[in-house]
Amino acid sequence: MNQTKQRHELLNHINAVSFAVVEAQLYLNTHPDDPDALAFFHKYLEERKIALKEYATYYGPLTIDSTASCDDRWKWVNEPWPWQEGGC
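Computed from a prediction, not measured in an experiment: that's the story for all the values here.

**Details of helix H2 (residues 35–59)**
- Helix length check: H2 (25 residues) gives 36 Å between terminal C-alpha atoms against 36 Å at 1.5 Å per residue, within 8%.
- Those residues of H2 that fall on the buried side of the exposure criterion are Ala37, Phe41, Ala51, Leu52, Tyr55, Ala56 and Tyr59.
- For H2, the N-terminal cap is Asp34; the gap from its side-chain oxygen to the backbone nitrogen of Asp36 is 3.0 Å.
- Gly60 sits one or two residues past H2 and shows a positive phi near 100°.

**Here's the deal with the packing of aromatic side chains**
- Applying the stated criterion across every chain, the model contains 3 aromatic pairs.
- Each ring, one from Phe40 and one from Tyr44, has its centre 4.6 Å from the other, and the planes form 45°; the classification is tilted. Of this pair, Phe40 and Tyr44 both sit in helix H2, 4 residues apart, which is roughly one turn of that helix.
- Since its relative accessible area comes to 37%, Phe40 is described here as partly exposed.
- Measuring from centroid to centroid gives 5.0 Å for Tyr55 and Tyr59, while their planes differ by 50°, and the two rings are tilted. Taken together, the residues Tyr55 and Tyr59, both in helix H2 and 4 residues apart, mark about one turn of the helix.
- Here Tyr55 falls in the buried class, since its relative accessible area comes to 2%.
- When its relative accessible area of 10% is taken as the criterion, Tyr59 is described as buried.
- By way of ring pairs, the aromatic residues Tyr55, Tyr58 and Tyr59 are connected into one cluster.

**A look at the side chain of Ser18**
- Tracing the sequence through the fold places Ser18 in helix H1 (residues 3–30).
- Residue class for Ser18 comes out buried when judged on its relative accessible area of 17%.
- A distance of 2.8 Å separates a polar atom in the side chain of Ser18 from a polar atom in the side chain of Arg48.

**What to know about the nonpolar core**
- Leu10, Leu11, Ile14, Ala51, Leu52, Tyr55 and Tyr59 form the largest nonpolar core, which has 7 residues in total.
- At the level of elements, H1 and H2 are the ones that each hand at least two residues to this core.
- Of all the elements, H2 adds the most residues to this core, at 4 residues.
- Counting residues in hydrophobic clusters, the runner-up holds 5 residues, among them Val21, Ala24, Ala37 and Phe41.

**Describing H1**
- Spanning 28 residues, H1 covers 41 Å between terminal C-alpha atoms, matching the ideal 40 Å at 1.5 Å per step.
- Regarding H1, the residues found buried are Arg7, Leu10, Leu11, Ile14, Val17, Ser18, Ala20, Val21, Ala24 and Leu28.
- Buried residues belonging to H1 abut H2.

Parameters and conventions
Residues numbered from 1 in each chain as written. Predicted model: local features only at pLDDT ≥ 70, side-chain atom pairs only at ≥ 80, totals over all residues. Heavy atoms only, no water. Helix = DSSP H or I, 4+ residues; strand = E, 2+ residues; numbered from the N terminus. Expected span 1.5 Å × (residues − 1). Buried < 20%, exposed > 50% of the residue type's maximum accessible area, 1.4 Å probe, protein only. Polar contact = N/O pair within 3.5 Å; in protein donor to acceptor, adjacent residues only side chain to side chain. Phe/Tyr/Trp six-rings, centres within 6.5 Å; stacked < 30°, edge-to-face > 60°. Core = buried A, V, L, I, M, F, W, Y, C linked by side-chain atoms within 4.5 Å. Contact = heavy atoms within 4.5 Å.

Dropping the structure here:
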């Protein structure tokens, strides 16, 4: 599998788990005591953190909070932007 395909698959996974996290947050706003929803939220939040860290390792950080160290914090501005060739 080529690097571009792997990158897009990882981005798709990040988008999917991010969607799940946001939807769970919205549900938990009105159902804060639902243990199944809370477990769902924590599961996908952890998957999102792992995927963001993996993406940052291979392709650079997607968000300011997905870097491993403060030294790398601003390197994301050097990556291709979504509208540029090679961006998301």
